[in-house]
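Report on the structure
In case you want the letters, here they are:
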Amino acid sequence: MDFFDKTTKVVREIGNVTKEQTELANLRIQKAAVEKKLESQYAEIGKRYVAYIADSFRTAPFDVSDILDVINPDLEKVAEIAEQIAQKDQQVRQHSLEKDRKKALDQFESEKRKLDKARDLDVISFDEYEEKLAKAQRKFDNFETLKKIQMQYEMDIITKEEYEDKVRNVLQ
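Residues numbered from 1 in each chain as written. Predicted model: local features only at pLDDT ≥ 70, side-chain atom pairs only at ≥ 80, totals over all residues. Heavy atoms only, no water.

Okay, the side chain of Asp 74 next. As for its placement among the helices and strands, Asp 74 is situated in helix H2 (residues 65-120). Setting aside residues no more than four positions away along its own chain, Asp 74 makes contact with Val 34, Lys 37 and Leu 38. (Helix = DSSP H or I, 4+ residues; strand = E, 2+ residues; numbered from the N terminus. Contact = heavy atoms within 4.5 Å.)

Okay, the packing of aromatic side chains next. Tallied over the full model, the rule gives five aromatic pairs. Taking the ring centre of Tyr 129 as reference, the NZ or CZ of Arg 119 above it sits at 4.3 Å. (Phe/Tyr/Trp six-rings, centres within 6.5 Å; stacked < 30°, edge-to-face > 60°. Lys NZ or Arg CZ within 6 Å of the ring centre and 35° of its normal.)

Take the nonpolar core next. Side chains of nonpolar character tend, in soluble globular proteins, to be buried together. Counting residues in hydrophobic clusters, the biggest one holds twelve residues: Leu 24, Leu 27, Val 34, Leu 38, Ile 45, Val 64, Ile 67, Ile 71, Val 78, Ile 81, Ile 85 and Val 92. Listed by contribution, the elements that provide at least two residues to this core are helix H1 (3-54) and H2. For this core, the leading source of residues is H2, giving six residues. Other than its neighbours up to four places away in sequence, Ile 85 contacts Leu 24, Leu 27, Arg 28 and Lys 31. (Core = buried A, V, L, I, M, F, W, Y, C linked by side-chain atoms within 4.5 Å. Buried < 20%, exposed > 50% of the residue type's maximum accessible area, 1.4 Å probe, protein only.)

With that out of the way, let us pick up a negative patch on the surface. On the surface, a cluster of negative charge is made up of Asp 127, Glu 128, Glu 130 and Glu 131. When you line up the elements, Glu 128 lands in helix H3 (residues 126-141). A relative accessible area of 36% means that Glu 128 is categorised as partly exposed. (Patch = residues over 30% accessible without salt bridge, like charges linked within 9 Å, V, L, I, M, F, W, Y side chains within 5 Å. Areas by Shrake-Rupley, 256 points an atom, 1.4 Å probe, with all protein chains shown as cover. Salt bridge = Lys/Arg side-chain N within 4 Å of Asp/Glu carboxyl O. Lys, Arg positive; Asp, Glu negative; His and termini not counted. Charge placed at Lys NZ, Arg CZ, Asp CG, Glu CD.)

So, about H3. Relative to the 22 Å expected for 16 residues at 1.5 Å per residue, H3 spans 22 Å between its end C-alpha atoms, a close match to the ideal helical length. Three or more residues of H3 are buried, namely Tyr 129, Leu 133 and Ala 136. Down the axis of H3, the buried set is contained in an arc of 60 degrees. They therefore lie on one face. Structural note: H3 exposes Asp 127, Glu 131 and Asp 141 on the side pointing more than 90 degrees away from its buried face. Contacts made by the buried residues of H3 are with H2. (Expected span 1.5 Å × (residues − 1). Arc of directions from axis to C-beta.)

Moving on, we come to the pattern of salt bridges. Following the criterion strictly, the structure yields 15 salt bridges and no others. One salt bridge connects Asp 100 with Lys 147, and the closest N-O pair in it is separated by 2.6 Å. Taken together, the positions of Asp 100 in helix H2 and Lys 147 in helix H4 (residues 143-154) put the pair 47 residues apart, joining distant regions of the chain. The class of Lys 147 is partly exposed, set by a relative accessible area of 22%. For the salt bridge of Arg 101 with Glu 144, the shortest nitrogen-to-oxygen distance reads 2.4 Å. With a gap of 43 residues between them, Arg 101 in helix H2 and Glu 144 in helix H4 connect regions that are remote in the sequence. On the basis of relative accessibility, which here comes to 28%, the residue Arg 101 falls in the partly exposed class. Residues participating in the shared-partner salt-bridge network are Glu 44, Arg 48 and Asp 66.

A few words now on unusual backbone geometry. Located in the positive-phi region is Asp 122, a residue other than glycine, with phi close to 60 degrees. Mapped onto the elements, Asp 122 comes out in the loop between H2 and H3. One non-glycine residue with positive phi stands out, namely Asp 156, at about 60 degrees. On the basis of relative accessibility, which here comes to 69%, the residue Asp 156 falls in the exposed class.

And the structure:
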């Protein structure tokens with residue numbers, strides 16, 4: 001793959017991620033706008049309740065059904081947007097995982113080509129070739145486990161030493 005093809009591929013991937021992230025940000029903005037609109041209705045319910053309690057001699061029941069009728073569509077809209085956000089979040093995570101898996105496969109294939117060339121040129125022995133190729137294959141085969149270990153380290157759940165130990169154990 002030449003430089004132009006690689007550049008085009010990277011730009012296309014960035015465009016896809018940016019589009020998904022933009023859609024996600026827009027959904028969050030929509031949700032915040034609806035929630036902001038609901039705040040005034042909640043405040044009105046609070047005011048009515050305070051007035052109801054203050055007038056302890058009032059015999060009429062506390063009634064905010066008119067406000068509830070107004071806010072129900074907004075509450076449904078918030079729930080719908082929250083579901084869309086959850087779905088879009090899942091799509092973004094899945095896309096990121098697929099991209100990382102593809103990157104791991106590309107790294108494995110690159111390592112294999114390098115090892116093949118070294119073996120063909122008699123730079124490494126067949127045993128060294130097999131050992132290094134097996135290690136590269138284990139790294140690719142355990143991609144998801146290694147990704148989780150990396151995330152634990154990045155989230156400060158484990159120390160650098162624990163990270164290195166876990167990675168070493170997986171690759172052995």
